[in-house]
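# Structural characterization, general
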Amino acid sequence: MQEHSAKAKAPATVPLMFESGSPGRTGFFWPEEAGPTGLPQELLRDEIPGFPELGELEVLRHFTRLSHLNFGIESQFYPLGSCTMKYNPKVNEAVARLPGFSLIHPLAPPALLQGAFELLFGLETALAEIAGMDAVTLQPAAGAQGELAGLMLVRAYLSEKGNPRRKIIVPDTAHGTNPASSTLCGYDVVQIRSNDQGMVAPSAVAKVMDESVAALMLTNPNTLGIFEKNINAIADVVHSKGGLVYLDGANMNALMGIAKPGHMGVDVLHINLHKTCSTPHGGGGPGAGPVGVKNLLRDYLPVPRIMKSGNGYELREDFSKAIGRVRSFFGNFGVLVRAYAYIISLGSDGLAETSRMALLNANYIRRKLESVFQIAYPERCMHECVFTDRLQQKRHVSTLDIAKRLLDYGFHPPTIYFPLVVSGALMIEPTETESRETLDAFIDAMTSIAREAEENPDLLKTAPHSTPVRRLDEARAARKPVLRWEPKRD
Amino acid sequence: MRYTPHTPSDKAEMLREIGLSEVEQLFDHLPAALRDKAQIALPPGLSETAVKRRMAALAAKNGTAEDWSLFLGGGIYHHAIPSAVDAVISRSEFATSYTPYQPEVSQGTLQAMFEFQTLICQLTGMEVANAGLYDGASAAAEAVLMARRLQEGKHRVFVSRALHPQYRQVIATYVKNLVDVELVEVPFTGRGGIDPEFLARQVDERAMCVVLGYPNFFGVIEDLAPIRALCDRSGALLATVTTEPLSLALLKPPGESGADIAVGEGQSLGVPMALGGPGFGFFACQKRFVRSMPGRLAGQTVDSEERRGFVLTLATREQHIRREKATSNICTSQTLCVLASTVFMAMLGKSGMRRMAEVNARRAHRARERLVKEAGLAPVFSGPFFNEFVLKAKGLSRLQERFAAKKIVPGIPLAEFYPELQDCLLICVTEMNEEEEIEQLARTFGEG
């Protein structure tokens with residue numbers, strides 16, 4: 001195994017754009033135009049100190065070299081749990097770049113935007129059908145903003161009934177955004193523990209559920225990849241005390257054509273289009289977090305809403321109960337275009353097959369790795385599975401070490417140390433777009449890493465060995481933050 | 001099936017490994033009542049060719065900046081975007097990667113974020129900037145929320161009526177459920193800027209912050225000095241919101257005028273209009289506030305061999321660590337749009353940004369002069385502007401057809417947002433509006 005630790009020839013790091021170039025250089029040409037700018041001199045700044053001065057090729061080489069330092073879906077398997085790193089189809093990119101979508105202005109007269117409105121209306125309808133909800137807003141820019149908007153709907157609805165209530169129940173397996181969004185919506189968070197099957201028990205909800213609770217936020221399948229099979233009973237508990245059920249739809253990729261949240265007693269949910277509907281993650285956005293509701297919340301949806309009118313579509317703002325606007329204009333339209341293209345590409349059968357194959361791939365990995373790594377919960381998994389580092393801890397090898405070693409094998413690691421209820425969690429979501437051969441290669445790598453953990457734990461603890469940079473000092477970055485380049489002072 | 005590579009024999013063998021014989025058994029532990037009703041009633045799938053046709057047909061129903069003369073700004077701007085920008089953001093290493101939680105294989109994204117933070121600091125004249133937020137409107141709301149964290153005991157937020165109307169709506173939505181925030185709308189003056197006298201009367205030690213556009217929704221460049229003085233007197237924070245950041249290549253940056261927080265929408269820097277999204281919000285402030293900031297931050301550090309590298313840092317502010325005590329619930333930073341903008345700013349650079357900004361200002365000023373002198377439109381505000389301005393055209397609604405016939409959208413009618421501004425039009429002129437278009441705009445108004 002020793003040859004693995006031989007240092008790979010790491011590419012040199014790339015200089016910052018501010019450290020390259022030469023005074024007076026630019027990658028932009030625009031003919032000189034004569035005449036004054038019309039602005040008084042005292043309003044103007046001097047030249048922007050430190051701003052880059054690079055040529056076009058220099059810029060491209062800079063960013064191309066930077067791109068080589070990244071893992072991406074088209075070069076590496078990327079089984080990040082709860083992130084649904086599926087293939088991002090090229091046709092979606094092509095159609096999103098049509099001038100009829102990319103060169104339209106949101107404040108143009110509606111007559112010039114009929115195609116866009118038709119698309120948005122069609123997407124709302126399709127998402128409502130997939131999730132079994134009655135109405136959808138596409139405005140939220142991301143899942144977390146969808147959560148905020150969804151909770152605002154809950155709050156507006158309950159306020160109208162006389163009391164917005166004070167608390168939101170969130171299970172300990174929830175994404176961190178759930179409690180953060182609750183706080184932002186003016187609620188206190190009550191955390192409940194999942195049971196030893198990794199699920200929320202109706203009795204645990206009943207214990208804290210009373211008239212002070214506005215809603216329960218539930219993820220289903222939850223972040224352990226387990227279907228909350230008691231969800232309807234849980235919803236009954238919440239509804240019996242006048243509360244509402246919010247579904248974090250981050251894991252919708254497990255459910256298409258398999259079960260609809262609208263049938264689970266869910267009143268409001270968000271869907272992450274950058275997960276389930278294949279739009280690229282972009283290194284951290286843009287995403288989109290549409291919110292679907294049952295009829296009881298319809299009147300509270302953000303404005304403007306797109307309505308059919310005669311032969312066309314119009315924008316309507318005249319909803320007195322609406323929570324207002326959560327984002328400027330129409331949300332992340334370019335993302336919505338891609339999601340719509342994805343949905344019409346696959347159609348009803350393709351969407352159902354998508355979730356089925358997502359389940360097949362996750363269960364296959366789970367079966368093949370369960371003899372090598374300890375599975376967190378014995379329950380059957382849906383689209384992702386969670387292992388722990390318990391077996392490897394005997395050799396003082398942690399989840400972090402396993403993740404870093406995977407990089408040497410050319411795989412992006414799973415999500416690690418989440419959900420928080422699992423010590424040393426390794427959360428694997430292969431998605432449906434991976435072939436059996438890729439899964440087998442990943443399984444081989446994980447198996448080989450487990451062997452290395454036994455035979456040569458140091459190899460893991462010092463990993464990665466072959467990446468452009470090695471483990472980075474995160475403590476130092478936080479202790480003395482350097483958040484921008486600054487010119488050297490003499 | 002498209003995008004799922006499983007052959008029938010793959011499925012059979014994988015199922016056998018799992019110990020099943022049918023795909024449906026993978027979810028037979030779900031309640032039957034749910035499974036039985038799960039069929040999705042949508043049309044069947046389409047070939048790629050059919051998808052392209054359908055999407056092209058929808059796209060063809062929209063009026064684009066290629067086919068129409070659009071004099072539209074109001075928060076979203078049509079600018080030249082070098083082809084290099086799309087080439088870079090189309091690279092799958094950038095487009096398909098996740099938030100850079102594994103820094104060893106994300107240095108490309110992380111370094112670009114660090115460079116972006118630097119560019120925003122330089123452009124705004126501020127000390128620190130984050131790696132991006134959803135959009136300008138939520139960035140403005142986050143500015144208010146940060147002021148709330150920093151200004152305990154103060155609860156009045158003064159928001160200029162000349163701030164973008166949708167931004168004001170979003171701020172209102174965000175703070176609606178926070179009992180300790182009171183929004184106060186500040187009127188505008190004949191200059192088209194925030195009313196300093198109103199502020200002088202109202203701003204006292206209860207003032208948490210003052211939020212105003214720079215340039216504002218009317219395109220007017222606010223005079224920040226007197227507002228800064230008022231803030232100094234009362235202890236309020238000054239937050240500027242810039243929807244057209246190209247202007248900051250030419251105008252005194254907010255940091256030079258004493259802004260505590262400078263936020264805005266970044267779309268105009270290299271991102272196509274796309275019906276107003278996705279773009280990105282930028283968020284910059286004084287260094288002493290850094291631990292109260294929302295959003296992602298890339299920071300410089302070293303690896304175990306002392307090589308420079310970058311990581312996401314100060315994550316203890318964030319929801320995946322702090323959960324309900326986080327500074328914000330946001331966990332994306334519109335990174336691909338931020339990258340587009342980073343490439344855009346690198347391409348134009350110091351001289352190119354200045355050149356483009358000057359062309360905008362020059363053409364806009366010339367257009368305004370023409371519309372007033374030749375077409376008889378009436379000036380509405382007296383304040384200086386960058387590339388958009390407000391003029392009054394009598395009987396504006398009756399002119400629509402005439403403009404439509406010539407494929408011109410002359411501007412944004414303001415009456416919808418400001419009932420007091422009947423017949424007023426917010427007209428934006430960028431480097432994409434050629435002289436002939438401007439001439440035709442003036443001529444079409446003049447025909448009346």
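Scroll up for the structure.
What comes next is a walk through the structure. Quick caveat, the model's predicted, so the values are computed rather than measured.

Definitions and limits used
Residues numbered from 1 in each chain as written. Chains lettered and ligands numbered in written order. Predicted model: local features only at pLDDT ≥ 70, side-chain atom pairs only at ≥ 80, totals over all residues. Helix = DSSP H or I, 4+ residues; strand = E, 2+ residues; numbered from the N terminus. Buried ≥ 20, exposed ≤ 12 C-beta atoms within 10 Å, placed from the backbone. Contact = placed C-beta atoms within 7 Å. Pairing = 2+ DSSP bridges. Axes fitted to C-alpha atoms, helices over the stretch in contact; angles between N-to-C directions. Right-handed = clockwise from strand over helix to strand, strands pointing away.

## Side note on the overall build of chain A
Secondary structure assignment for chain A yields 17 helices and 13 strands. Counting all 490 residues of chain A, 61% fall into the buried class. If you take every contact in chain A between residues at least 6 apart in sequence, the share linking residues at least 24 apart comes to 73%.

## Things to note about the sheet that holds strand β10 (residues 374-375) of chain A
Within a sheet, neighbouring strands are paired by backbone hydrogen bonds and run either parallel or antiparallel to one another. All names here are of chain A. Read from one edge of the open sheet, four strands run β10-β11-β13-β12, paired in antiparallel fashion. With partners counted over all chains shown, the strands left at the sheet margins are β10 and β12 (415-416), one partner each. Sheet topology note: the β10/strand β11 (residues 385-388) ladder contains two bridges and is antiparallel. Following the sheet pairing, Ile 375 is matched in β11 by Phe 387. This element, helix α12 (residues 333-369), spans β10, β11 and β13 (426-428) of the sheet and lies at about 25° to β11.

## Regarding the pairing of strand β5 (residues 244-249) of chain A
Residues and elements named next belong to chain A. Burial runs high along β5: six of the six residues are buried. Every second residue of β5 is oriented toward a common face, with Leu 244, Tyr 246 and Asp 248 on one face and Val 245, Leu 247 and Gly 249 on the other, all of them buried. Where strand β4 (residues 213-219) and β5 come together, five bridges link them in parallel fashion. For Met 217, the partnering residue across the bridge sits in β5 and is Tyr 246. Between the parallel pair β4 and β5, the chain is carried across by helix α9 (residues 231-240), and the sense of this crossover is right-handed. As paired elements, β5 and strand β6 (residues 268-271) share four bridges and run parallel to each other. Within β6, the residue paired with Leu 247 across the bridge is Leu 269.

## Section: the sheet that holds strand β15 (residues 424-428) of chain B
Residue and element names in this part refer to chain B. On the basis of which strands lie adjacent, the open sheet formed by four strands has the order β11-β12-β15-β14 and antiparallel pairing. If you trace the sheet from one side to the other, it starts and ends with β11 (378-379) and β14 (412-413), each paired once. The pairing of β11 with strand β12 (residues 388-392) spans two bridges and is classified as antiparallel. Within β12, the residue paired with Pro 379 across the bridge is Leu 391. Running at roughly 5° to β12, helix α12 (residues 335-373) makes contact with β11 and β12 of the sheet.

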